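# Summary of the model geometry
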Amino acid sequence: ESAVELAPLCCEYRLRDDTGRLVWIENRSVPQRETDGGVHWYGHATDVSDRKIMERKLLTAVRMDRLTNLPNRQSLVSRLELALQQFQVTGARYYAVLFLDLDRFKLVNDSLGHEAGDALLTEAAERLRTCLRLDTPLAYLTDGYTAARFGGDEVVVLLDNLQLPDDAQCVAQRLLDAMAEPYQIGMNRVVISASIGIVVGDAAYQRAEEVLRDADTAMYEAKSAGKGRYLVFDSAMRERVRSRMELENELHAAVERNQLLLQYQPIVCLQTGKLRSVEALVRWQHPERGLIPPSDFVPIAEECGLIVPLGEWVLRTACQQLAAWWQSVGRQHIPSISINLSRHQLLFPELVQRTSMIADETGVDPSCVHLEITEGAMMGDPDSTLKILQDLKRQGFKLAIDDFGTGHSSLACLHEYPFDILKIDRSFVMLLNAASDYVPFVHAITTLAHSLRIQVVAEGVENAEQAEILHSLQCQFAQGYHYGRPVGPDKIMRLALSTCDAEIPQLETVVAFS
Ligand code: C2E
Ligand code: CA
Ligand code: CA
């Protein structure tokens, strides 16, 4: 008969040594029953402090984001899974997820460099910590807030101890305010906002990824709605985003599949009634959805960068059309064409060269091409926009400021830009009648424009009364349903031939000015 080995006993514990240092000890002992009935213990105790430190570092490395020192995506996901389970069991407390994304962060990275981008992210994380009062790393996981860097410039905050669902919105607003304070990055002062999507948890959510997907969707909607704001997710959003993404995918193919088309709207001289120009307006002939107006797809094209090839297609097609009209009816009947440029096209470095090339290839004189740029397009970066406008002008193109009166540029700034034409926005023309408060406003515009040798076009003229008032206010040109809706090239040709001998409309002056 020999001794019997029993189950071994393992444990780890901490001791404080003589110097006060904490030492991790691993103890492994094996009890053994001897033949005489007694029990002997064989074992060893090892100082495993180094291994423990290493383990902790590893744990931190897999759970934390190095740059911002916030927990990373994985920690957040596991923490969220736990919150979901708790919610399913108790159902009592509210939880919410905030999906935060910095607006136009890419611009910082691209223009100031990645180091500046990193510095900004670090500072943003610091503000987040302060805002959520998360002082120690441990607190992320204990006091109901988990803030984690989700990737790039995305941060996800889990609030899993809310008194009321609306509290999530208060936290979101606090975060937005904190993010919107200017950042000092090296020598640069950077102002950047953030957008937040909020999901308030309910029993329908089973998986962390579902919650995060919806929070992401709400964030995306907050950006589309104008950035710098938060939005709470609702199920209608999911449908909108799905349909938008579908449209975006199809739009990529639309140019190649020849689904885009241009319609042209006449711009006439108020004095003579003759055609001055036609504005090219893009439409999308969708195989299932029918004719889609530009307001439904131009913003999408702008957001996904497709506006550059799309805009180039518009430029080329419109110039080709003008050349074709000239061939068939002669230049004098359709003297020029007006083409819209998106502000995203103005950011495209080769715009000037490509546009000149298109005019050249199609045999159209650049002075017969009026490029329309909205007031808002100049706000992003006025200096570089000015340079591009001057370059276009040097190439011989005529420049029009579009939707005038809707942006923030004042009349006083007009002389700083090389515009040849000013288009008064439809929202003012719409309200014009003899008693309208807008009469002096329009008059001020025409007076100043003429002193700068800028021609004035009124947009959205829908009736004879408006036309008469505009004429009396020295506005030279008009566009609108009163003269014709946007139509195909053949109709324009017929219109051009019919107006060339038309009688000059008798316009009476109905408004007197003091
Ligand atoms: P916009 O440049 O201000 O174009 C004028 C818009 O007003 C056109 O709408 C036109 O159909 C509409 N309109 C003209 N007269 C009247 C009127 O008397 N009453 C009313 N209610 N509306 C009138 P559309 O074609 O839907 O175009 C909307 C906007 O889409 C354009 O506004 C322009 O900003 C943009 N867009 C159109 N084509 C292009 C393009 O090729 N490139 C770019 N970047 N944007 C385009
Ligand atoms: Ca326009
Ligand atoms: Ca316009």
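Preceding this paragraph is the structure being described.
Residues numbered from 1 in each chain as written. Chains lettered and ligands numbered in written order. Predicted model: local features only at pLDDT ≥ 70, side-chain atom pairs only at ≥ 80, totals over all residues. Heavy atoms only, no water.

## Thoughts on the sheet that holds strand β10 (residues 194-200)
The strands making up a sheet are joined through hydrogen bonds of the backbone, oriented either antiparallel or parallel. Taken in spatial order, the five strands of this open sheet run β6-β7-β5-β10-β11, and their pairing is mixed. Among the strands making up the open sheet, the edge pair consists of β6 (145-151) and β11 (230-232). Pairwise comparison of adjacent strand axes, ignoring direction, gives a mean angle of 20 degrees for this sheet. Across seven bridges, the pairing between strand β5 (residues 94-102) and β10 is antiparallel. Pairing of A96 across the sheet is with V200, part of β10. (Pairing = 2+ DSSP bridges. Helix = DSSP H or I, 4+ residues; strand = E, 2+ residues; numbered from the N terminus. Axes fitted to C-alpha atoms, helices over the stretch in contact; angles between N-to-C directions.)

## What to know about the coordination of the calcium ion (ligand 3)
Looking at the calcium ion (ligand 3), one finds its protein donor set to be D402 (OD), D403 (OD), E459 (OE) and E459 (OE), positioned 2.1 to 2.6 Å from the metal centre. Separating the calcium ion (ligand 3) from the calcium ion (ligand 2) is a gap of 3.8 Å, bridged by D402, which donates to each. (Donors = N, O, S within 2.8 Å, 3.2 Å for Na, K, Ca; no water.)

## Some remarks on the site of ligand 1
Around ligand 1, the surrounding shell holds 19 residues, and the nearest of these are Q265, R283, R426, E462 and Y481. The separation between an oxygen atom of ligand 1 and a polar side-chain atom of E459 is 3.5 Å. One of the backbone N or O atoms of Y481 is found 2.9 Å from an oxygen atom in ligand 1. When the free accessible area of ligand 1 is taken as 790 Å², the share hidden by the protein chains comes to 82%. (Near = heavy atom within 4 Å. Polar contact = N/O pair within 3.5 Å; in protein donor to acceptor, adjacent residues only side chain to side chain. Areas by Shrake-Rupley, 256 points an atom, 1.4 Å probe, with all protein chains shown as cover.)

## What about helix α14 (residues 438-451)?
Here α14 spans 20 Å end to end across 14 residues, near enough to the 20 Å set by a 1.5 Å rise per residue. Buried residues in α14 make contact with β17 (398-404), β18 (421-424), β19 (455-458) and α15 (464-472). Positive backbone phi, approximately 60 degrees, marks R453, located one or two places after α14. (Expected span 1.5 Å × (residues − 1). Contact = heavy atoms within 4.5 Å.)

## Notes on a nonpolar patch on the surface
Taken together, the side chains of V4, L6, L9, V39 and W41 make up a nonpolar region of the molecular surface, amounting to roughly 450 Å² of accessible area. Assignment of secondary structure puts V4 in strand β1 (residues 4-5). Residue V4 is classed as partly exposed on the basis of its relative accessible area, which comes to 46%. (Patch = residues over 30% accessible without salt bridge, like charges linked within 9 Å, V, L, I, M, F, W, Y side chains within 5 Å. Salt bridge = Lys/Arg side-chain N within 4 Å of Asp/Glu carboxyl O. Buried < 20%, exposed > 50% of the residue type's maximum accessible area, 1.4 Å probe, protein only.)

## Observations regarding the packing of helix α6 (residues 208-224) against helix α7 (residues 235-254)
For the pair α6 and α7, interaxial distance at closest approach is 10 Å and the crossing angle is 70 degrees. Here α6 lies roughly perpendicular to α7, going by the angle between them. Facing α6, whose interface residues are R213, D214, T217, A218, Y220, E221 and S224, α7 presents M237, R238, R240, V241, R244 and E248. In terms of residue class, the contact of α6 with α7 is made up of four nonpolar, two polar and seven charged. (Parallel < 35°, antiparallel > 145°, perpendicular 65-115°, else oblique. Nonpolar A, V, L, I, M, F, W, Y, C, P; charged D, E, K, R; others polar.)

## As for empty space enclosed by the protein
By the definition in use, this model includes five cavities of 30 Å³ or more. In terms of lining residues, the largest cavity is bounded by 13 residues, among which L121, A124, A125, D153 and V155 are the most central. Contributing elements (two or more residues each) for the lining of the largest cavity: β5 and α4 (114-131). Counting residues per element, the lining of the largest cavity draws most heavily on α4, at four residues. (1 Å grid on protein atoms, 1.4 Å probe; cavity = no way out; pocket = protein on both sides within 12 Å on 5 of 7 lines; lining within 4 Å. Points joined across faces, edges and corners; volume = space filled by probe spheres on them.)

## Some words on the environment of D490
Inspection of the secondary structure puts D490 in helix α16 (residues 489-499). Counting along the chain gives 100 residues from D490 to Q390, while the straight-line C-alpha distance between them is 34 Å.

## Structural notes on the packing of aromatic side chains
Under the counting rule described, the total for this entry stands at eight aromatic pairs. Taken together, a centroid distance of 4.7 Å and an interplanar angle of 25 degrees make the contact between F428 and F441 stacked. Separated by 13 residues along the polypeptide, F428 in helix α13 (residues 426-429) and F441 in helix α14 bring together distant segments of the chain. Under the relative-accessibility criterion, F441 is labelled partly exposed at 31%. Three or more aromatic residues joined by ring pairs make a cluster, and in this case those are F428, Y438 and F441. We note K52 situated over the ring of W24; from NZ or CZ to the ring centre the distance is 4.6 Å. Taking NZ or CZ as reference, R331 lies 4.3 Å from the ring centre of W326, over its face. (Phe/Tyr/Trp six-rings, centres within 6.5 Å; stacked < 30°, edge-to-face > 60°. Lys NZ or Arg CZ within 6 Å of the ring centre and 35° of its normal.)

## Considerations on the pairing of β19
Here β18 pairs with β19 via four bridges, running parallel. Residue pairing for β19: I424 is matched across the bridge by A458. By the bridge criterion, two bridges tie β19 to strand β20 (residues 477-479) in an arrangement that is parallel. Counted as the bridge partner of A458 is A478 from β20. Between β19 and its parallel partner β20, the chain crosses via α15, and the hand of that crossover is right-handed. (Right-handed = clockwise from strand over helix to strand, strands pointing away.)

## Details of α7
If you check α7, its first and last C-alpha atoms are 29 Å apart, about what 20 residues at 1.5 Å a residue would give, namely 28 Å. Residues of α7 that are buried include every one of M237, V241, R244, L247, L251, A253 and A254, and no others. If you check the start of α7, you find a side-chain oxygen 3.0 Å away from the backbone N of A236, and it comes from D234.

## Section: the pattern of salt bridges
Applying the stated rule across the entire model yields 30 salt bridges. Linking R238 and D214 is a salt bridge whose minimum nitrogen-to-oxygen distance equals 2.8 Å. Of this pair, R238 sits in helix α7 while D214 sits in helix α6, placing them 24 residues apart in sequence. Classification of R238 as partly exposed rests on a relative accessible area of 38%. Here E279 makes a salt bridge to K423, at a shortest N to O gap of 2.9 Å. Placement of the pair is E279 in strand β13 (residues 275-286) and K423 in strand β18, with a sequence separation of 144 residues. Residue class for E279 comes out buried when judged on its relative accessible area of 4%.

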